[in-house]
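# Structural overview for review
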Amino acid sequence: MVGPCAKKHAYHYLKDNYNASQRLICKTLNLYRSTLNRTKTKDDRVTENKLKELASKYPTRGMDFYYGKIRMQGLQWNRKRVRRVYNKLNLKMRRKHKRRINRPYTEGLSQPIMPNVTWSMDFMSDVLEDGRKVRTLNVIDDYNRECLSIEVGISICSDRVTRVLDQLIELRGKPLQIRTDNGPEYTSNNYSLWCQDRGIKTMYIQPGKPNQNGFIERFNRTFREDVLDAYLFDKISQLQLTADLWKKEYNTGHPHKSLGRMSPEGFKNSRRKVIDAYEKVKAKMNGSPIVEPALTFSPPSMCWTLSEYFKE
């Protein structure tokens, strides 16, 4: 069946090519002259944009609320017009409203100029050959991208996360801050109280923005390409052993472009004098750390400036 739009195109074609009256052409095409002469509807783009804005801001409200907001803003649109556009946009369908944690992220992703300033943690998932799901807890030091720990398990709760961190602190000392996402293991009361008792600052990235934890995300890609996607594992112990061997090779033999093509251990050894000088200054200050803004840098030049300072 041909619609009115196609009949209008046919009318204009017959009118331009044949000497016939409007009445005859409309009768031939079975097209009402009122339909032919009907003007275009009003432009509702402004109303559509306003309703879309309100729907994105208040996704759980309905047409009555949107109409009330529109009238409060001084827009003189009648109810029938708002209802027509509301139905046209299919806003009567309730949108799923996902609850998100409101944590404004003000700290930028900057590389510390000393070890044990900022650690980053993240989880990864994989499956064993028999179909069982496994998780890995990866921890790195943002200073030289050194892999501190790769913990493998079927389920890794917040208690196990704090146990792994206690073991690392016993071996390396505690960091000033730890950067994580908003997973339940990191937002639990157990983890928050653990960080509070040890004076460690918790840094949560914004939901849906993994680039704010870019150092650990880049590490995860390398670990997945070299280990998880490269081998099939029968047991958790087999995966744990492979991860431990790979961690040692990564820390000693993986060249980083951001570290001047040096491995994490090589970069740390090349800055040994600067690190030792920092520890001496820290000891003179009775163990109190240097002011936090001095511990991170964005441009690489600040690292060399601090090195020259300690040499003097």
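First things first, this report covers the structure right here in the doc. Numbering of residues starts from 1 in each chain and follows the order in which that chain's sequence is written. Since the coordinates come from a predicted model, pLDDT governs what is reported: local features require at least 70, and pairs of side-chain atoms require 80 or more to be given and counted, while whole-chain, interface and lining totals use all residues. Only hydrogens and water are removed before side-chain values are computed, so all heavy atoms of the structure are retained for them.

### A few points about the side chain of Thr-35
The topology assignment puts Thr-35 in helix H3 (residues 33-36). By definition in these notes, contact holds between two residues if any of their heavy atoms fall within 4.5 Å. Those residues in contact with Thr-35, other than ones at most four positions away along the chain, are Pro-4 and Lys-8. The numbering of helices and of strands both runs from the N terminus, where a helix is a DSSP run of H or I of at least 4 residues and a strand a run of E of at least 2.

### Things to note about the packing of helix H4 (residues 45-57) against helix H6 (residues 79-88)
Packed helix pairs are specified by the crossing angle of their axes together with the interaxial distance, meaning the distance between the axes. Each axis is a line fitted through C-alpha atoms, and for a helix only the stretch in contact is used; angles between axes span 0 to 180 degrees, taken between their N-to-C directions. H6 packs onto H4 with a crossing angle of 70° between their chain directions and a minimal axis gap of 10 Å. Taken together, the axis directions place H4 and H6 in an arrangement best described as roughly perpendicular. Where H4 crosses over H6, the two elements pack in a sense that is right-handed. Every residue of H6 that contacts H4 at Thr-47, Glu-48 and Leu-51 is listed here: Arg-81, Val-82, Val-85, Tyr-86 and Lys-88. Here the angle decides the label: under 35 degrees means roughly parallel, over 145 means roughly antiparallel, 65 to 115 means roughly perpendicular, and every other value means oblique. In this scheme the crossing of two helices becomes right-handed for a clockwise turn of the near helix relative to the far one and left-handed for an anticlockwise turn of less than a right angle.

### Some details on the environment of Leu-128
With respect to the helices, strands and loops of the structure, Leu-128 is situated in the loop between strand E2 (118-127) and strand E3 (133-141). Burial classes: relative accessible area under 20% of the type maximum marks a residue as buried, over 50% as exposed, and values in between as partly exposed (1.4 Å probe, protein chains only). On the basis of relative accessibility, which here comes to 5%, the residue Leu-128 falls in the buried class. Spatially, the C-alpha atom of Leu-128 lies 9.8 Å from that of Leu-228, the residues being 100 residues apart in sequence. Apart from residues no more than four positions distant in its own chain, Leu-128 is found in contact with Val-134, Phe-233, Asp-234, Lys-235 and Ile-236.

### Thoughts on the packing of aromatic side chains
Geometry of aromatic contacts follows a simple scheme: Phe, Tyr and Trp rings, the Trp one being its six-membered ring, pair when their centres are within 6.5 Å, and the pair is stacked under 30 degrees between planes, edge-to-face over 60, tilted otherwise. Applying the stated criterion across every chain, the model contains 12 aromatic pairs. Judged by centre distance (5.5 Å) and plane angle (25°), the ring pair of Phe-123 and Tyr-186 falls under stacked. Here the residue Phe-123 occupies a position in strand E2, and Tyr-186 occupies one in helix H8 (residues 184-187), the gap between them amounting to 63 residues. You can call Phe-123 buried: its relative accessible area is 13%.

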